[in-house]
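Summary of structural features
Below are the chains, spelled out letter by letter.
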Amino acid sequence: MSATARTWIALATVYVVWGSTYLGIRVVVKTMPPLLAGGVRFMLAGSIMCAALAVKRGRGYLRVSRDELIGAALVGSLLVTGGNGVVMVAEQHVASGLAALIMASIPLWVVLFRRVWGESIQPAVLAGVAIGFAGVALLVGPGANGGSSAGWLVVLVGAAFCWALGTFGAGRVEIPRDPLLATGWQMLLGGLLSLAIGLAVGEAADVRFSEFSSDSLWAFAYLVVFGSLVAFTAYTYLLQNVPASKAATYAYVNPVIAVFLGWLILDESITWLVVVAAAVIVSSVAVIVRHETTQEPEAALVPAEGRSDGREGDEERAAVA
């Protein structure tokens, strides 16, 4: 197979799989407790990833320092628990397409964090951030939420904030330099925290295996295998073989796919305000990603889901989506 074919297969995998995870989550939480399901999902995915690394490179390769373990725990908690875990809870009440559009604001938050950190951000990028948040405001406001509670939409804004903070922080704390190893530990530790919180809030009482639908079980397996393993492997391949600007295109393709799949499969309504807000958010993210990767390739903003030095971590930390 040619390199061009492999690249397009990897891109299609990242586009479709990460775009469909919001649909998968919506199906899972119909019959499964969200935090426990999310915790088990990431613990399984992290275990599989670490086991694969141990087989390939030896068990000693999994050893990390105390500081790396703490850093992986912090980032994993923000991404897996504060980001994905909150999304799973919120999608009990919010359409999957709306959730995807609000989470598409992650690059906007990362730019703000960089600005607060003291980095110089070009005016065009800041203008894109302002326009993007205007689109988010349209979604949260009356008329665009398709019956979803505005309170839960605000909760999703908080999830995007946590995910972006984990994305931003990953390049500023000590974590394993190997992206697969770092992600494996983050999945394991973040999943463990989600599991613990789920038990603490009483989700164990909602575990009724006989009531888990076959759709939820299949969606859960899909999230573990494809959402957390296959797509991340494809994304890692892209980062190693194509320009960052091309890999970054998934940031504005995924929400479009999520909205389409929610409409097609779950019959989620799409109002004209949703269309306008989606166009505003996706366009602003596209402008930011293209501008950043053109001006400063090492600072490409990609929301979703291993580097460990400087701002390069911003590009890759959300890859456990």
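Not measured: the values here are computed from a predicted model.

1. Some remarks on the packing of aromatic side chains
As enumerated under the stated definition, the model contains twelve aromatic pairs in all. Centroid distance Tyr 235 to Tyr 250: 5.3 Å. Interplanar angle 65°. Geometry classified as edge-to-face. Within this pair, whereas Tyr 235 is found in helix α9 (residues 214-241), its partner Tyr 250 is found in helix α11 (residues 250-266), the two being separated by 15 residues in sequence. We note that Tyr 235, like Tyr 250, is buried. Ring pairing ties together the aromatic residues Trp 109, Phe 113, Trp 117, Phe 133, Phe 161 and Phe 168, which thus form one cluster. The lysine or arginine in question, Arg 172, covers the ring of Trp 117, its NZ or CZ lying 5.8 Å from the ring centre. Lying across the ring of Phe 168, Arg 172 places its NZ or CZ 3.7 Å from the centre.

2. Some remarks on the pattern of salt bridges
Any two side chains of opposite charge can pair, on the condition that their charged atoms come close. If you walk through the whole model with that rule in mind, you get three salt bridges. Between Arg 57 and Asp 178 there is a salt bridge, and its shortest N-O distance comes to 2.7 Å. Taken as a pair, Arg 57 in helix α2 (residues 34-57) and Asp 178 in the loop between α7 (150-170) and α8 (179-200) lie far apart in primary sequence, 121 residues in all. Using a relative accessible area of 12% as the deciding quantity, one classes Asp 178 as buried. Glu 119 is the partner of Arg 172 in a salt bridge, and the nearest nitrogen-oxygen pair spans 3.1 Å. Remark: Glu 119 occurs in the loop between α5 (106-117) and α6 (123-140) and Arg 172 occurs in the loop between α7 and α8; sequence separation between them is 53 residues.

3. Description of the environment of Val 89
Inspection of the secondary structure puts Val 89 in helix α3 (residues 66-90). Considering only alpha carbons, one finds Val 89 and Gly 38, 51 residues apart in sequence, at a separation of 9.5 Å. Once residues lying within four places of it in the same chain are set aside, the contact partners of Val 89 are Pro 34, Leu 35 and Trp 152.

4. Details of the packing of α5 against α7
It is the contact of α5 with α7, at a shortest axis distance of 8 Å, that shows an interaxial angle of 55°. Classified by the interaxial angle, the pair formed by α5 and α7 is oblique. Crossing handedness for the pair α5 and α7: right-handed. Residue-level contacts link Ile 106, Trp 109, Val 110, Phe 113, Arg 114 and Trp 117 of α5 to Val 157, Ala 160, Phe 161, Trp 163, Ala 164, Leu 165, Thr 167 and Phe 168 of α7. Of the residues assigned to the contact of α5 with α7, the class counts are twelve nonpolar, one polar and one charged.

5. Remarks on the confidence of the model for the protein
Taken as a whole, the protein shows an average pLDDT of 85; of its residues, 88% reach a score of 70 or greater. For the protein, helix α10 (residues 244-247) is the element with the lowest average pLDDT, namely 71, and α2 is the one with the highest, namely 95. The low-confidence segment residues 295-321 (pLDDT under 50) makes 118 contacts with residues lying over four places distant or belonging to another chain.

6. So, α3
The first and last C-alpha atoms of α3 sit 34 Å apart over 25 residues, in line with the 36 Å expected at 1.5 Å per residue. Taking the largest bend as the criterion, α3 deviates by roughly 30°, centred on Ser 77.

7. Focus: the packing of α2 against α3
As a packed pair, α2 and α3 sit with axes 8 Å apart at the nearest point and diverge in direction by 135°. It follows that α2 is oblique to α3 by the angle criterion. In this structure, α2 meets α3 at a crossing whose hand is right-handed. Each of Pro 34, Leu 35, Ala 37, Gly 38, Arg 41 and Phe 42 in α2 lies in contact with α3, whose residues at this interface are Val 80, Asn 84, Gly 85, Met 88 and Val 89. Broken down by class, the residue content of the contact of α2 with α3 amounts to seven nonpolar, three polar and one charged.

8. Concerning the nonpolar core
Counting residues in hydrophobic clusters, the biggest one holds 85 residues, and the most contacted among them are Val 28, Met 103, Leu 139 and Leu 156. Those residues in contact with Val 28 that lie beyond four places of it in its chain are Ala 37, Met 88, Ser 216, Ala 219, Phe 220 and Leu 223.

Criteria and cut-off values
Counting restarts for each chain, with residues numbered from 1 along the sequence as it is written. With pLDDT at 70 or above as the cut-off, local features in this predicted model cover only qualifying residues; side-chain atom pairs require 80 or more to be listed or tallied, and sums for whole chains, interfaces and linings still use all residues. Water and hydrogen atoms play no part in the side-chain values, which are based on all heavy atoms of the structure. Here a pair means two rings of Phe, Tyr or Trp (six-membered ring of Trp) with centres within 6.5 Å. Their orientation is stacked below 30 degrees between planes, edge-to-face above 60, and tilted elsewhere. Only DSSP runs of H or I covering at least 4 residues are called helices, and only runs of E covering at least 2 are called strands; the numbering of each starts at the N terminus. Exposure is judged per residue with a 1.4 Å probe applied to protein chains only, and the accessible area is read against the type maximum: over 50% gives exposed, under 20% gives buried, and values in between give partly exposed. Criterion for a charge above a ring: Lys NZ or Arg CZ within 6 Å of the ring centre, and within 35 degrees of the ring normal. Between Lys or Arg on one side and Asp or Glu on the other, a salt bridge is scored when a side-chain nitrogen of the former is within 4 Å of a carboxyl oxygen of the latter. Every residue pair with non-hydrogen atoms within 4.5 Å of one another is taken to be in contact. Throughout, an axis means a line fitted to C-alpha atoms (over the contacting stretch in the case of helices), and angles, computed between N-to-C directions, take values from 0 to 180 degrees. Working rule for angles: under 35 degrees goes down as roughly parallel, over 145 as roughly antiparallel, 65 to 115 as roughly perpendicular, anything else as oblique. Left-handed describes a crossing in which the near helix is turned anticlockwise from the far one by less than a right angle; the clockwise case is right-handed. By the convention adopted, Pro, Cys, Tyr, Trp, Phe, Met, Ile, Leu, Val and Ala count as nonpolar, Lys, Arg, Asp and Glu as charged, and the other residues, Gly among them, as polar. pLDDT measures the predictor's confidence residue by residue and takes values from 0 up to 100. Take the number of residues in a helix, subtract one, and multiply by 1.5 Å to get its expected span. The bend reported for a residue corresponds to the angle between axes fitted to the seven residues ending at that residue and the seven starting there. The nonpolar core is taken to be a set of buried Ala, Val, Leu, Ile, Met, Phe, Trp, Tyr and Cys residues, with the residues joined through side-chain atoms within 4.5 Å.

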